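Observations on the model geometry
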Protein chains: 2
Amino acid sequence: MADVSPISTDQSDARPAITTGAIRGSHKTHHTTESGLKVPARRIELSNGEHLDVYDTSGAYTDDQRHIDVHSGLHRARAGWADGRENRTQLERARDGAITREMEFIATRENVSGELVRDEVARGRAVIPANRCHPESEPMIIGKNFLVKVNANIGNSAVSSSIEEEVEKMVWASRWGADTIMDLSTGRHIHETRESIMRNSPVPVGTVPIYQAMEKVDGDPAKLTWEIYRDTVIEQCEQGVDYMTVHAGVLLRYVPLTAQRVTGIVSRGGSIMAAWCLAHHQESFLYTHYSELCEILRSYDVTFSLGDGLRPGSIADANDRAQFAELETLGELTHIARDHGVQVMIEGPGHVPMDKITENVRLEEELCGEAPFYTLGPLATDIAPAYDHITSAIGAADIARAGTAMLCYVTPKEHLGLPNRDDVKTGVITYKIAAHSADLAKGHPRAQERDDALSKSRFEFRWNDQFNLALDPDTAQAFHDETLPAEPAKTAHFCSMCGPKFCSMKITQDVRDYAEKYGLTSVEAIDAGMREKSGEFVEEGGRVYLPVAE
Amino acid sequence: MADVSPISTDQSDARPAITTGAIRGSHKTHHTTESGLKVPARRIELSNGEHLDVYDTSGAYTDDQRHIDVHSGLHRARAGWADGRENRTQLERARDGAITREMEFIATRENVSGELVRDEVARGRAVIPANRCHPESEPMIIGKNFLVKVNANIGNSAVSSSIEEEVEKMVWASRWGADTIMDLSTGRHIHETRESIMRNSPVPVGTVPIYQAMEKVDGDPAKLTWEIYRDTVIEQCEQGVDYMTVHAGVLLRYVPLTAQRVTGIVSRGGSIMAAWCLAHHQESFLYTHYSELCEILRSYDVTFSLGDGLRPGSIADANDRAQFAELETLGELTHIARDHGVQVMIEGPGHVPMDKITENVRLEEELCGEAPFYTLGPLATDIAPAYDHITSAIGAADIARAGTAMLCYVTPKEHLGLPNRDDVKTGVITYKIAAHSADLAKGHPRAQERDDALSKSRFEFRWNDQFNLALDPDTAQAFHDETLPAEPAKTAHFCSMCGPKFCSMKITQDVRDYAEKYGLTSVEAIDAGMREKSGEFVEEGGRVYLPVAE
């Protein structure tokens, strides 16, 4: 690195505070596995005495029992878990028939059996991105038979951003539910930024090593070499990076297939490798040195995220020959990596109209041996910059339902500028919506519990419970406060949409009370008994709803 | 009406200004039909000398050539179009084989043949909501073989809002693309609010007449009568309401089917009718007087929007027996209305997980003779209050792709409070995204033109063109300004995400130039020619991208 400047402690006063403390209406709890591992969850306490435990990605930052010091980093909970088997990856251990501690932890976290976790990892249909040099991380799994995961990209750039801001972005993104983060920093201080993130991240961290390699050759792709790239990968493995995007499928012969596209090559890594291939008229060094790369990743148990360097950047370019030619090569590379015992997931588009989404998943599964698919959206239309978190959530929900295992978020600033703190939160929440919608549609065993708890609280006018069960309790309450700020309104049996005299939920509750009172819970019962009961009902009140606040 | 207070002109100073003027980067244009009708469109001028005309719902308010006076209302352009056939509906005229002026106008607006419009209307697979007493409206069509439409709900409520604000909300919603609006006002001044909206609305207006009928009985559903309801419907027909939600499918015997639901009956109209049925132990007067109602609507050519009073209000209640029992009755009512020559569309849910969406459309088409489906979202999950524009856009895009003809928008305030101006805009833009995503997926002939134009401008760094082609140019530019406010950045060949030294689009352009220069546009060509050309390429610059702003 040309310009190394470690974080000096005397800068700490100027640093933005790291967000800590439990999310509104909840607190950290732990579920204990058979062998005694503590698996974190977030417990939402309800006003009716019930509670709901939900999946928790936020780490120690939301644990009021834990002291946070970003200089010393998080507790290295996984240190020693490998238990003398340092040189076996999760994939190899799974094939051995072993349920590792990571798998045991994940089984409790996902409410499934350890054997299911092991089997899915052994098949390569799920990955556990857990570099042995990142013992601060809480194990998680990415695979179509588990909860759909969300990744948030953070990272500084040549234009703005500081190291301190990036650490807080990681904390902030995982607070709201990001399952992994990718550090896409470019420019100065890449190594130090990443070191700060790694030591403080409870979630797996992914990178695109070629970005840092480019810094080492002063931004000239033609000067890249295998050796420079390899050394960068080793540097990042040593720091604990859990998965790496490698654009090894951008082959020389595919590059001209992009020439007639509306938006050419939009992947940074893809365009760098395309430039290198053309400049040297050689096959990509990522492809020719791929087996060496596999051995490096294997020795740390770093997971490949095989990048789609030729992904479509517009609706017009979706599912074209360049995209699918590369996907075929990614399939070849998947099998090579697995032969080396390395875990693999596959990156996907991008921009795809809804009618072409399913084909992406089917083809990926077929060509890549069902390796977990990890897609960027995709955006279902190009016409709404400033709303691309939404255009892409539509595609993301659809592609996740079809089998995509992890979704890379898109923020409202996509295509326009750098996301700020609010944009990161909006992006994460939007993608939690897409992921959860897919979990529901896929029938994930316990996914609907939260919907049911929230809808029940809504129906029973337990406003605070409704807020607390929401993905974003703070904004839900703030919106309610805008119209009805008074505290009594949080328990009032009406809402601002209809006002106190005209509330459908109140009417329904009365209908329900009535039906239950008279046993009118079926078509038969109402046919038999309605006529005589009707008289009593009118006597008892004349109307089925009464104004609450008159 | 108990408390009639017409809008006095001396209040006009306090009134918020009506939003007028063209949307950024565009101006009103007109396409002329064969018989000389002027069909509005919005022309977006591009910096490369090209332009794109897009569908325009905004009426005279965005026409710089027109003077707006909300007191005198819009020009009554359709007055006299019926041409001596005042007592024939669009459906009857279509069956007669006639292409009405409305159909001719719509054919040009949708870029299809007049015969297609006529045929779809004759089959009942499309409706033209165009009350003869609303001559200010610009004809539009709702049907699965046309562009997917978006409705925006506006309306005051018992808690807040003024008449003036409602007119501006209508102008504001149609400015951003609402194809119809529904006036859901309750409380005082319903008649006057609606009159102001009708006389100023270029888009069809829908209502739920039972809301006003409830005001006439002081909010007590048991006191409702057919006569009060009928008179309310006639009053609204005379004002020019184009379509009316009628919850005539809430039958006495279906009500108890909702008792065990998580969220009972969430439709206001549905709960009112359920309360009435139980109180009287009689079949709904909407059902027993349905033929009379058909005759009233026929005489104005008002379109039925048969309401789903028993729609699910939560994921748990989706596709249940109550919902589908009512749908079956809506099918029966559809055929009766058509026999009377009345146009019909069918309202749909609500809250539905993605795996249950398609079944809704197939069943609606089967039971209701392919009458246009008009759905509220649906929300694909319940867990994100404050983001329900997004949860529902996911469902809306999916259900539109499956054949839903019109989508009722949901704003971020859904379930929490009353939408303000920003919420209305966010809701409309979000639903234009869902509708357009479906248009693309359905292969609507010219839908992709806008995506292609925007992506091309993005690729060519024509930033202002990208903003202007966006659904919301103002926000797109504002987001860009946040990171790179300087005017030169609007033409710079880089963006803030990568910075000037590291831009994938710039690299791609260089790859393209290179491939074109050497004819390397196919796998064969590159196999044959790459080796020798590579040398020249390196000589000519050594690297394929050059920093723009170093």
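None of these values were measured; they are calculated from a predicted model. (Residues numbered from 1 in each chain as written. Chains lettered and ligands numbered in written order. Predicted model: local features only at pLDDT ≥ 70, side-chain atom pairs only at ≥ 80, totals over all residues. Heavy atoms only, no water.)

Topic: the overall build of chain A
A tally of helices and strands in chain A yields 19 helices and 13 strands. Counting across all 550 residues of chain A, residues that qualify as buried make up 67%. If you take every contact in chain A between residues at least 6 apart in sequence, the share linking residues at least 24 apart comes to 72%. If you sum the accessible surface of chain A, you get close to 17,900 Å²; carbon and sulfur atoms cover 47% of it. (Helix = DSSP H or I, 4+ residues; strand = E, 2+ residues; numbered from the N terminus. Buried < 20%, exposed > 50% of the residue type's maximum accessible area, 1.4 Å probe, protein only. Contact = heavy atoms within 4.5 Å. Areas by Shrake-Rupley, 256 points an atom, 1.4 Å probe, with all protein chains shown as cover.)

Some remarks on the UniProt feature "binding site: Zn(2+)" (unreviewed entry) in chain A
If you check UniProt for "binding site: Zn(2+)" (unreviewed entry), the listed places come out as A:His351 and A:His415 in our numbering. A stretch of 65 residues holds the annotated residues, and the largest C-alpha distance among them is 12.3 Å, short enough that they meet in one place. Take A:His351: its relative accessible area is 6%, and that puts it in the buried class. Residues contacting A:His351, with those up to four places away along its chain left out, are A:Pro312, A:Gly313, A:Ser314, A:Ile315, A:Ala318, A:Pro378, A:Leu379, A:Asp382, A:His415 and B:Arg458. Polar side-chain contacts of A:His351 include one of 3.3 Å to the backbone oxygen of A:Gly313. Looking at the element boundaries, A:His415 is found in the loop between strand S13 (406-408) and helix H14 (421-441). Given the relative accessible area of 12%, A:His415 is considered buried. In this structure the side chain of A:His415 is engaged in a polar contact, spanning 2.8 Å, whose partner is the side chain of A:Asp388. (UniProt positions renumbered as here; feature names shortened; annotations may be inferred. Polar contact = N/O pair within 3.5 Å; in protein donor to acceptor, adjacent residues only side chain to side chain.)

Quick notes on the nonpolar core
If you look at the biggest cluster of nonpolar residues, it comprises 268 residues, and the most contacted ones within it are A:Phe304 and B:Phe304. If we skip the residues at most four places from it in the chain, B:Phe304 touches B:Met244, B:Val246, B:Tyr290, B:Leu293, B:Cys294, B:Leu297, B:Ala337, B:Val342, B:Gln343, B:Val344 and B:Met345. (Core = buried A, V, L, I, M, F, W, Y, C linked by side-chain atoms within 4.5 Å.)

Things to note about the sheet that holds strand S13 (residues 406-408) of chain B
Residues and elements named next belong to chain B. Taken together, eight strands build a closed barrel; the order of strands is S6-S7-S8-S9-S10-S11-S12-S13 and the barrel is parallel. Pairs of neighbouring strands in the sheet enclose a mean axial angle of 25 degrees, with direction left out of account. Bridge count between strand S12 (residues 373-376) and S13: three bridges; the pairing is parallel. Residue pairing for S13: Thr375 is matched across the bridge by Leu407. (Pairing = 2+ DSSP bridges. Axes fitted to C-alpha atoms, helices over the stretch in contact; angles between N-to-C directions.)

Describing the packing of aromatic side chains
Tallying each qualifying case throughout the model produces 16 aromatic pairs over all chains. Ring geometry for A:Trp81 and A:Phe105: centres 6.1 Å apart, planes at 55 degrees, overall tilted. Of the two residues, A:Trp81 is situated in the loop between strand S3 (51-55) and helix H1 (90-96) and A:Phe105 in helix H2 (residues 101-110); the sequence distance between them amounts to 24 residues. With respect to burial, A:Trp81 and A:Phe105 carry one shared label: buried. When the centroid spacing of 5.1 Å and the interplanar angle of 25 degrees are considered together, the rings of B:Tyr290 and B:Phe304 count as stacked. (Phe/Tyr/Trp six-rings, centres within 6.5 Å; stacked < 30°, edge-to-face > 60°.)

Quick word on the side chain of B:Arg338
All names here are of chain B. If you trace the backbone, Arg338 turns up in helix H11 (residues 321-339). In this structure Arg338 is buried but unpaired, with Glu364 as the nearest side chain of opposite charge at 7.1 Å. With residues near it in sequence (within four places) discarded, Arg338 still touches Leu91, Arg95, Arg123, Gly124, Cys368, Gly369, Glu370 and Ala371. (Lys, Arg positive; Asp, Glu negative; His and termini not counted. Salt bridge = Lys/Arg side-chain N within 4 Å of Asp/Glu carboxyl O.)

As for the pattern of salt bridges
Per the counting criterion, the structure on display carries 68 salt bridges over all chains. We note a salt bridge from A:Lys425 to A:Asp472, for which the minimum N-O separation is 3.1 Å. Here A:Lys425, found in helix H14, pairs with A:Asp472, found in the loop between helix H16 (463-469) and helix H17 (473-483); they are 47 residues apart in sequence, far enough to count as distant. When its relative accessible area of 11% is taken as the criterion, A:Lys425 is described as buried. We classify A:Asp472 as buried; its relative accessible area is 0%. With its nearest N and O atoms 2.9 Å apart, the salt bridge here joins B:Arg446 to B:Glu449. Owing to a relative accessible area of 33%, B:Glu449 belongs among the partly exposed residues under this scheme.

Some thoughts on the packing of helix H10 (residues 290-300) of chain B against H11(B)
How two helices sit against one another is set out by the angle between their axes and by the gap between those axes. Residues and elements named next belong to chain B. H11 packs onto H10 with a crossing angle of 50 degrees between their chain directions and a minimal axis gap of 9 Å. By the angle between their directions, the pair H10 and H11 is classed as oblique. The way H10 lies across H11 gives a crossing that is right-handed. On the side of H10, the interface is formed by Tyr290, Ser291 and Cys294, while H11 contributes Leu333, Ile336 and Ala337. Looking at side-chain class alone, the contact of H10 with H11 contains five nonpolar, one polar and no charged residues. (Parallel < 35°, antiparallel > 145°, perpendicular 65-115°, else oblique. Left-handed = near helix turned anticlockwise from the far one by under 90°. Nonpolar A, V, L, I, M, F, W, Y, C, P; charged D, E, K, R; others polar.)

What about the environment of A:Pro139?
Residues and elements named next belong to chain A. Locating Pro139 in the fold gives a position in the loop between strand S4 (126-127) and strand S5 (142-143). Overall, Pro139 belongs to the buried group, its relative accessible area being 3%. C-alpha separation for the pair Pro139 and Glu102, spaced 37 residues apart in sequence, amounts to 5.5 Å. Residues contacting Pro139, with those up to four places away along its chain left out, are Arg78, Trp81, Glu102, Phe105, Ile106 and Arg109.

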